[in-house]
Amino acid sequence: MKNKILVTGGAGYIGSHTCIALHEAGYDIVVYDNLSNSSREAIERVSKLIDQPIDFVKGDIRDTDLLKQVFAEHQFFGVIHFAGLKAVGESVAKPLLYYNNNVSGTIALLEVMREADVKNLVFSSSATVYGDPESLPINEESKRSCTNPYGQSKLMVEHILEDLAATDDGWNLIPLRYFNPVGAHPSGQIGEDPNDIPNNLMPYISQVAVGKLEKLSIFGNDYSTVDGTGVRDFIHVTDLAQGHVAALNYLQKQVGRDKYSSIGFLPINLGTGKGTSVLELVTAFSEVSGQNIPYQFSARRAGDIASCYASADKAKDLLGWEATLSITEMCQDTWRWQSKNPNGYHSA
Ligand code: NAD
Ligand code: UD1
């Protein structure tokens, strides 16, 4: 069985952690990333952690000539496609950038894959495709809808993958719908490194804890939740990384069993199934780090929902995967990364 995997966006936050998990599981990897939201230092550090050089190509997924070259040089079993832009606010300001990068970029990748007859794909989708859920926990059959260009770009790609699967042309396409990835590698060597002031909660909290930001604004304390603040399904990034290995192992098993029947389009949630409120996360982080985390309540953020957590049953039943790490471990590992690298990869 071929075990070489192309990892687009492999220098990024989730990609870098997944590269380690893939290596540990015996997969060979080639990382393809334009470094638009990541740095070479991440690749260097992954390489040190696995004690092996990384086969890295600096390139854009929209550069089909370069992609074709890479596919010609390697015999891939499949692709894990992380490459994409992910900031909701920026996507509202620059919709064309997001549709071009995330949607056109994915189409370019799929065309090259088809030409190379590599039809196994794991795609980074998001719980954002569920919009404001009608019921909780959210399972994979829940209605999908999005309100911002980032979310739309994920949903559009899902529709493209569904249409592709419907051609019955041997495609095996697994969109993994991540809930809220947080945490860092236990070594403290790699983690989330936002370019600017963080939009997401965990990196904001950790930058307050380390003294880079003054105080956290909690967006809304009047939701109908346990304490009035938003509730999310935070999942440790190393658990998430293992979810990708489980999805690939599943593909290997299915494709190996009967190479003439494809699995088509198979969306799977990657979450813990547990909701944690913003205030609960702040309290846990403060306890773990021993740092005071000043906060104030402010208005709700446009587009936010009250609560969002996964039904994690499908991942467990099909992939044999479930998240194992607790909120305490998510905070511990985030804090280790943040305190060792107050300026992210620029701390080096
Ligand atoms: P990230 O920004 O850290 O990683 C994405 C990587 O893709 C970066 O290294 C970036 O340089 C690269 N990239 C972007 N556009 C590219 C292009 N055109 N060609 C080549 N490389 C390109 O983000 P992440 O948090 O690791 O997220 C990975 C994927 O998961 C993204 O698609 C994101 O939308 C999705 N996702 C992330 C979250 C989250 O909370 N982090 C949640 C749900 C889904
Ligand atoms: C956000 C995006 C979502 C994207 C996901 C991962 C929005 C509306 N949603 O999800 O599309 O897939 O990130 O990138 O942007 N919070 C604060 N103060 C802060 C930051 C966040 O109180 O400074 C609160 C939010 O109101 C929310 C919770 O923390 O209740 C989690 O926020 P965040 O980490 O941004 O994730 P999501 O909103 O779930």
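Preceding block: the structure.
Position numbers for residues start from 1 in each chain and track the written sequence from start to end. Ligands are numbered from 1 and chains lettered from A, in the order in which they are written. Only residues with pLDDT of 70 or above have their local features reported here, since the model is predicted, and side-chain atom pairs are shown and tallied only from 80 upward, although totals for entire chains, interfaces and linings are computed over all residues. Only heavy atoms go into the side-chain values, all of them from the structure, while hydrogens and water stay out.

(A) Summary view of the site of ligand 2. In the region of ligand 2, 18 residues are neighbours, and L201, S217, R232, R301 and D304 sit closest. Distance and chemistry together define a polar contact, namely a pair of N or O atoms within 3.5 Å, with one atom able to donate a hydrogen and the other to accept it when in protein, and with adjacent residues in sequence counting only for side-chain atoms on both sides. For ligand 2, a nitrogen atom lies 2.8 Å from a polar atom in the backbone of S217. Between an oxygen atom of ligand 2 and a side-chain N or O atom of D304, the distance comes to 2.5 Å. Note on areas: Shrake-Rupley with a 1.4 Å probe; residue coverage comes only from the protein chains shown. Within the complex, the protein chains bury 88% of what would otherwise be the 740 Å² of accessible surface of ligand 2. Only α7 (201–209) and β8 (216–219) provide two or more residues apiece to the shell around ligand 2. With four residues, the single largest contributor to the shell around ligand 2 is β8. Partitioning the shell around ligand 2 into residue classes produces eight nonpolar, seven polar and three charged. Whether a residue is near a molecule or strand depends on its heavy atoms: it is near if one of them lies within 4 Å of it. Segments assigned H or I by DSSP are reported as helices when at least four residues long, segments assigned E as strands when at least two residues long, and all are numbered from the N terminus. Side-chain classes follow a simple rule in which Ala, Val, Leu, Ile, Met, Phe, Trp, Tyr, Cys and Pro form the nonpolar group, Asp, Glu, Lys and Arg form the charged group, and the remainder, Gly included, forms the polar group.

(B) Summary view of the pairing of strand β5 (residues 120–126). Think of it in three bands: with a 1.4 Å probe and only protein chains considered, a residue is buried below 20% of the maximum accessible area for its type, exposed above 50%, and partly exposed in between. Buried residues dominate β5, accounting for seven of its seven residues. Where burial is concerned, the two faces of β5 agree: the one with N120, V122, S124 and S126 and the one with L121, F123 and S125 are both buried. Pairing between strand β4 (residues 78–81) and β5: three bridges, direction parallel. Looking at β5, one finds that I80 is bridged to V122. Here, strands pair whenever DSSP counts at least two bridges between them. With seven bridges connecting them, β5 and strand β6 (residues 172–178) associate as parallel partners.

(C) Examining helix α9 (residues 278–289) more closely. The terminal C-alpha atoms of α9 lie 16 Å apart, and with 12 residues this matches the ideal 16 Å at 1.5 Å per residue to within 8%. Those residues of α9 that fall on the buried side of the exposure criterion are V278, L279, L281, V282, A284, F285 and S289. Of the surrounding elements, those touching the buried residues of α9 are α7, β8, β10 (234–236), β13 (276–277), β14 (295–298) and α11 (327–340). One or two residues past the end of α9 sits G290, with phi positive at roughly 70 degrees. A helix is expected to span 1.5 Å for every residue after the first. In this description, contact between two residues means that some pair of their heavy atoms is separated by no more than 4.5 Å.

(D) View of the site of ligand 1. In the vicinity of ligand 1 lie 27 residues, with I14, D33, N37, S38 and Y150 positioned nearest. With respect to ligand 1, the backbone of S36 contributes an N or O atom lying 3.0 Å from an oxygen atom. With respect to ligand 1, the backbone of F82 contributes an N or O atom lying 2.8 Å from an oxygen atom. Relative to its unbound accessible surface of 820 Å², ligand 1 loses 96% to contact with the protein. At the level of secondary structure, the elements contributing two or more residues to the shell around ligand 1 comprise α1 (13–24), β5 and α6 (149–166). Per-element tally for the shell around ligand 1: the top contributor is β5, with three residues. Looking at the shell around ligand 1 residue by residue, the class counts come to 10 nonpolar, 12 polar and five charged.

(E) Structural context of the environment of E24. In this fold, E24 is placed in helix α1. Once the C-alpha coordinates of E24 and V245 are considered, the two residues, 221 residues apart in sequence, prove to be 9.6 Å apart.

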